[in-house]
Amino acid sequence: QVQLVESGGGLVQPGGSLRLSCAASGSIFSIYTMGWYRQAPGKQRELVAAITSGDSTNYADSVKGRFTISRDNAKNTVYLQMNSLKPEDTAVYYCNMEGYSTYHYRFSSWGQGTQVTVSS
C-alpha cells in the first residue's frame, strides 16, 4: 500500500506564489508518473501538471509559464511551484502517483488534497 501526504496549500493574494509538496511512503518499488490535479467547486477534477520518470512534463494550458512541476526520486516526492497565481487557480489540489509496489503490483494513489485559495 502506498500513501501520499500533501503539504503547502493556503491563502495567497493574486500574483503571489505557493509551493506544494507530496511525499509517498509504503511499499514502493518504482514510481513512473507523478502528477497534480485540481478540483474547483462545481467543476470536474482536471490535470494541472505531470512528470514522468524520464522527467518529461505536461501542463494544462491555463498554467503554462506559471507553474513548474519537479520530482525528487530519492525522496519519492513531487513538487508544484505555483507563481503568478490567479483567483481562478483556487481549488483543492491533489497529487497522484502511479508505479509498482515492492510486490510488483501496479498502484495509482491519491493524496488527501490541499486547499489553495487565491484572493485579495
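Details of the structure are given in the entry above.
These numbers come from a predicted model, not from an experiment. (Residues numbered from 1 in each chain as written. Predicted model: local features only at pLDDT ≥ 70, side-chain atom pairs only at ≥ 80, totals over all residues. Heavy atoms only, no water.)

Once that is clear, we can look at the nonpolar core. In this structure, Trp36, Val78, Leu80, Met82, Tyr93 and Met97 are the most contacted members of the largest nonpolar core, which totals 31 residues. Counting only elements with at least two residues in this core, the list comes to strand E1 (2-7), strand E3 (18-26), strand E4 (28-39), strand E5 (46-52), strand E7 (67-72), strand E8 (77-82), strand E9 (91-101) and strand E11 (114-118). Other than its neighbours up to four places away in sequence, Leu80 contacts Leu18, Arg19, Leu20, Trp36, Val48, Ala49, Phe67, Thr68, Ile69 and Tyr93. (Core = buried A, V, L, I, M, F, W, Y, C linked by side-chain atoms within 4.5 Å. Buried < 20%, exposed > 50% of the residue type's maximum accessible area, 1.4 Å probe, protein only. Helix = DSSP H or I, 4+ residues; strand = E, 2+ residues; numbered from the N terminus. Contact = heavy atoms within 4.5 Å.)

Moving on: the packing of aromatic side chains. Here the structure, examined in full by the defined rule, presents 2 aromatic pairs. A cation over an aromatic ring shows up here: Arg19 above the ring of Tyr79, its NZ or CZ 4.1 Å from the ring centre. (Phe/Tyr/Trp six-rings, centres within 6.5 Å; stacked < 30°, edge-to-face > 60°. Lys NZ or Arg CZ within 6 Å of the ring centre and 35° of its normal.)

Strand order in the open sheet formed by 4 strands is E1-E3-E8-E7, and the pairing between neighbours is antiparallel. The open sheet has two edge strands, E1 and E7, and neither has a second partner. The average angle at which neighbouring strand axes cross in this sheet is 15°, direction not considered. Sheet analysis places E3 next to E8, joined by 6 bridges and oriented antiparallel. (Pairing = 2+ DSSP bridges. Axes fitted to C-alpha atoms, helices over the stretch in contact; angles between N-to-C directions.)

Glancing now at the state of the cysteines. Per the stated rule, a full pass over the model turns up 1 disulfide. Across the disulfide from Cys22 sits Cys95; the S-S distance is 1.9 Å. Handedness of the Cys22-Cys95 disulfide follows from its S-S torsion of about 40°: it is right-handed. In this pair, Cys22 is assigned in strand E3 and Cys95 in strand E9, connecting sequence segments 73 residues apart. (Disulfide = S-S within 2.5 Å.)

Remember that the coordinates give geometry; whether it matters functionally is a separate question.
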